[in-house]
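Coordinate analysis (summary)
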Amino acid sequence: MVSSWWHFDGDKGRLIWKSVETAGKFFSTPLPVKINHDEITDIIIGSPDKKIYSIDGKTGLKIWEMKTKGAVNSSPVLFDNETVFIGDEEGVLYKIKIKTGIADSRISLGAPIISTPAKISIHGTSLLLVPLKDGTIKAVNPNSKEMDIKWVFNTEYQDPIVASPAVFDFNKDGCDDVVITSRNGYLYIIDGNKGKNLMPPIFTGNSISSSPSLADINNDGFLDIVFGSENGYVYAFTIKTVPDKIIKQNRIVYGTFLNRKNESF
């Protein structure tokens, strides 16, 4: 099956090019990145046809392609100026050179990867968090050849995870933490350093495929967690430790991992 990949001019909305060298129905989000020697931004994208493609941003022509073990519906994440990471539905995580499309390293994580991995910082050291469809999250050391695993977080209800995580240092310990939503309807806030719950999982009552966003939507000086649910509602959670009247009509969470001395972000 041949599929088209479209690129439109952001100024005038006209078609710049249409790539017909790729195959399959795309679910992966394209990653803009400089690959060749011109000044035009190029694209890396995964495909269900068990390939990862690099597309020239100027012409729409293929720069390289890399075969994978399984379908790729996850999206690539940029690790540094030379490397991207992406997972497939056979549970393999690939570390790929941007310029060549060659996988330097790979590791099997034991369950399908649909969510996009997240890069976090732990006291200045980078880790890659990979949510899996079996309800686990694995923290991978991206700097080692073997890509060894630092910790594994198991959801209490074996929740399939397809949404991408949001990252923020919630408890002010100098380490990024992570917000995850699940297909079983739970919201998790996880300590990125230890791989433990920062607060008990919250049941929203409906399946979630939407990725969470972090924003101060009510202008009270505190970040809120916002995501869509498959029941048609958008949920807003506050992480304040005091009631927040503005978003009370949606959902309120009183953060148990914060205290009155550390409420300012």
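Bear in mind the structure is a predicted one, so any value in this text is a computation, not a measurement.

**Some remarks on the side chain of D56**
Within the element layout of this structure, D56 appears in the loop between strand 5 (51-55) and strand 6 (62-67). Nearest to the buried, unbridged D56 among oppositely charged side chains is K58, at 7.4 Å. At 2.8 Å, the side chain of D56 and the side chain of N36 are in polar contact.

**Regarding the pattern of salt bridges**
Under the counting rule described, the total for this entry stands at five salt bridges. As a salt-bridge pair, D104 and K97 come within 3.7 Å of each other at their nearest N and O atoms. Owing to a relative accessible area of 34%, D104 belongs among the partly exposed residues under this scheme. With relative accessibility at 26%, the residue K97 sits in the partly exposed group. One salt bridge connects E230 with R183, and the closest N-O pair in it is separated by 2.2 Å. Of this pair, E230 sits in the loop between strand 20 (224-228) and strand 21 (234-238) while R183 sits in the loop between strand 16 (177-181) and strand 17 (186-190); the two residues are 47 residues apart in sequence, bridging distant segments of the chain. With a relative accessible area of 47%, E230 lands in the partly exposed category. Assessed through its relative accessible area of 32%, R183 is described here as partly exposed.

**Examining the pairing of strand 6**
Where strand 5 lies against strand 6, five bridges are found, and the strand directions are antiparallel. For I52, the partnering residue across the bridge sits in strand 6 and is M66. Linkage of strand 5 to strand 6, two consecutive antiparallel strands, is achieved through a turn of six residues, within which G60 is found at a positive phi near 80°.

**As for the confidence of the model for the protein**
Scored by pLDDT, the protein comes out at a mean of 83, with 82% of its residues at no less than 70. A low-confidence stretch, residues 243-265 stays under pLDDT 50, and its non-local contacts, those more than four residues away or across chains, total 60 contacts.

**Observations concerning the environment of G60**
Here G60 shows up in the loop between strand 5 and strand 6. Once the C-alpha coordinates of G60 and I43 are considered, the two residues, 17 residues apart in sequence, prove to be 9.1 Å apart.

**Considerations on the sheet that holds strand 12 (residues 125-131)**
Taken in spatial order, the four strands of this open sheet run 11-12-13-14, and their pairing is antiparallel. Either end of the sheet is taken by a strand with one partner, and the two such strands are strand 11 (118-122) and strand 14 (149-154). Taking the axes of each pair of neighbouring strands and ignoring which way they run, one obtains an average angle of 25° across the sheet. Both strand 12 and strand 13 (residues 136-140) contribute to a ladder of four bridges, which runs antiparallel. Following the sheet pairing, P131 is matched in strand 13 by I137.

**Some thoughts on unusual backbone geometry**
Notably, K50 is not glycine yet its phi reads approximately 65°, a positive angle. Within the secondary structure, K50 sits in the loop between strand 4 (42-47) and strand 5. Its relative accessible area of 42% is what places K50 among the partly exposed residues. A positive phi is found at H123, a non-glycine position, where the angle reads about 50°. Checked against the element boundaries, H123 lands in the loop between strand 11 and strand 12. By relative accessible area, which is 56% here, H123 ends up exposed.

Rules used in this analysis
Residues numbered from 1 in each chain as written. Predicted model: local features only at pLDDT ≥ 70, side-chain atom pairs only at ≥ 80, totals over all residues. Heavy atoms only, no water. Helix = DSSP H or I, 4+ residues; strand = E, 2+ residues; numbered from the N terminus. Buried < 20%, exposed > 50% of the residue type's maximum accessible area, 1.4 Å probe, protein only. Lys, Arg positive; Asp, Glu negative; His and termini not counted. Salt bridge = Lys/Arg side-chain N within 4 Å of Asp/Glu carboxyl O. Polar contact = N/O pair within 3.5 Å; in protein donor to acceptor, adjacent residues only side chain to side chain. Pairing = 2+ DSSP bridges. pLDDT = per-residue confidence, 0-100. Contact = heavy atoms within 4.5 Å. Axes fitted to C-alpha atoms, helices over the stretch in contact; angles between N-to-C directions.

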